[in-house]
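Commentary on secondary and tertiary structure
So the chains spell out like this:
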Amino acid sequence: MAKSNRNLPEDVMIEVLSRFSVKSLLRFKCVCRVWCALFENTSFISKHQRNNNDDRLFVTYMVTNDEDDYSYPTDSFCLFPDETLADLSMVELDFQQPMREFLGGPFDGIFCIHGPKNDRLILCNLATKESRTLPKRRVVFPRFCSISDTIMGFGLDIMSNDYKLVMIHTLWNEKRQELYEFAHVAMYNLRTNSWRDFKSFKSDHYVMSFWSGSLYLDGVCYWLSRFRNNDHAVILSFHLGNDVFEEVQEPHIPESEPTILGIYNHSLCVLLSHNTENYYDIWVMKDKCWIKQLSIGPFVGVQRPLGFWKKGALCVVSTSGQLLLYDPNTLEMRDLGVTCFDVSVHIYKESLIRLKGGDNLLDFDIPWHVLGVYQTNSC
């Protein structure tokens, strides 16, 4: 085996290695210095992210203390280790990190949480068990202004080969009791461990919500938003390489509206909801044009769609709060065994993105061998 490895061309070896799990690659680092350096190379990390097809369903939801009527709901997180969802066993995630609030993720396997100590932001990588506390920002907002809402995105700037976290703050003018004209954008560079702030688009044109989520594809972050003056939907994009915001018009279909963004066959897609008939269309962007991919539904007893899974499958929540998965290929609606409120779904993909240079390794209270051997937990 060793002899055949030496005879393999370098590009073939890199292609083969990029298809291994993060756990395996971390063990392979001790093979030689070349491999150790390779697995920390941004280009290889990005290649591994594209070639790794072991997507897993990550679920966030709210829970309350049944014994305390006055307790605030808290964030809870669980993961379906089986990437095929044939086995619906779940593991409950405990970040073991002081958390004031959960801000977002997973973005390429990276989670962002708000720590209570000095209001610091913390990035976490579950696969490598690393975290990094981001440096404190010194932000001076315009007079009488405070943060009204914050949305974020994370991804690779393909121009500089650096991972970046972008935070968009919508500001509220306390004196005038209205939104401040411009949004405030903060950009964090992973390589330099530094922030950069700048004024951006006219935020009073848009209604942007944290709950709409963020999507990353090929160096661009996307958010589903709305025009404030007429409530029409618009997709807002941000190019991580040149700091440019753009509007992407959604497919204009009468009596329908976009509900969620997703990725379909490595292309940006949007789910259009038909208001009156309770069925949906999936539209995919090809060469800057929207193409209708397929129609699904109508659904009975479905409250709202939550997000895309693999091969056009769609996660929805029922009117009774059950998490369901609809497969358009088999027309099957499956109960995933989660019943709760304020549920959201995301695709979790292991990542080699290193957060070294920050904190020590996280002490996650989760048996990570579970990604190969399932353990049942109740969500």
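Above this text is the structure in question.
Below, the structure is looked at part by part. (Residues numbered from 1 in each chain as written. Predicted model: local features only at pLDDT ≥ 70, side-chain atom pairs only at ≥ 80, totals over all residues. Heavy atoms only, no water.)

A cluster of nonpolar residues, L8, V12, V16 and F20, forms a patch on the protein surface that exposes about 270 Å² of accessible area. Topologically, V12 is positioned in helix 2 (residues 10-17). (Patch = residues over 30% accessible without salt bridge, like charges linked within 9 Å, V, L, I, M, F, W, Y side chains within 5 Å. Areas by Shrake-Rupley, 256 points an atom, 1.4 Å probe, with all protein chains shown as cover. Salt bridge = Lys/Arg side-chain N within 4 Å of Asp/Glu carboxyl O. Helix = DSSP H or I, 4+ residues; strand = E, 2+ residues; numbered from the N terminus.)

This brings us to the environment of F58. The topology assignment puts F58 in strand 1 (residues 56-63). Residues F58 and Y348 lie 290 residues apart in sequence; the distance between their C-alpha atoms is 5.8 Å. Those residues in contact with F58 that sit more than four places away from it in its chain are F77, C78, L79, L93, F102, G105, P106, F111, S344, V345, H346 and Y348. (Contact = heavy atoms within 4.5 Å.)

Here the focus is the pattern of salt bridges. Under the counting rule described, the total for this entry stands at 12 salt bridges. Ionic pairing is found between R354 and E40, a salt bridge with its closest N-O pair at 3.4 Å. Placement of R354 in the segment after strand 26 (341-348) and of E40 in the loop between helix 4 (33-38) and helix 5 (42-51) is noted, with a sequence separation of 314 residues between them. Among the salt bridges present, the one from R354 reaches E130, with a minimum N-O distance of 2.4 Å. Of this pair, R354 sits in the segment after strand 26 while E130 sits in strand 7 (residues 130-133), and the two are 224 residues apart along the sequence. We classify R354 as buried; its relative accessible area is 19%. The network of salt bridges with shared partners includes K29, E40, E130 and R354. (Buried < 20%, exposed > 50% of the residue type's maximum accessible area, 1.4 Å probe, protein only.)

Moving on, we come to the sheet that holds strand 5 (residues 110-114). Pairing in this open sheet of four strands is antiparallel, and the strands run 4-5-6-7 from one edge to the other. A single partner strand is all that each edge strand has here, and the edge strands are strand 4 (101-107) and strand 7. Looking at each pair of strands side by side, their axes are set apart by 20 degrees on average, direction ignored. Looking at chain direction, strand 4 and strand 5 are connected through four bridges and run antiparallel. Residue pairing across strands places F107 opposite I110, the latter belonging to strand 5. (Pairing = 2+ DSSP bridges. Axes fitted to C-alpha atoms, helices over the stretch in contact; angles between N-to-C directions.)

What follows covers the nonpolar core. If you look at the biggest cluster of nonpolar residues, it comprises 59 residues, and the most contacted ones within it are L123, L165 and V166. For this core, the element with the most residues is strand 9 (residues 162-173), which contributes five residues. In contact with V166, other than residues within four places in its own chain, are I151, M152, G153, V185, A186, M187, C221, W223, F238 and L240. Residues L85, W309, C315 and V338 belong to the second largest nonpolar core, which totals 19 residues. (Core = buried A, V, L, I, M, F, W, Y, C linked by side-chain atoms within 4.5 Å.)

On to the side chain of H48, then. By the element assignment, H48 lies in helix 5. Classification of H48 by relative accessible area gives buried; the value is 0%. Once residues lying within four places of it in the same chain are set aside, the contact partners of H48 are S18, F20, S21, V22, L25, E350 and L352.

Turning our attention to the environment of T74. Within the secondary structure, T74 sits in strand 2 (residues 74-80). The exposure class assigned to T74 is partly exposed, which follows from its relative accessible area of 42%. Along the backbone, T74 and M62 are 12 residues apart, and their C-alpha atoms lie at a distance of 5.4 Å. Non-local contacts of T74, meaning those with residues more than four positions away in its chain, are made with Y61, M62 and V63.

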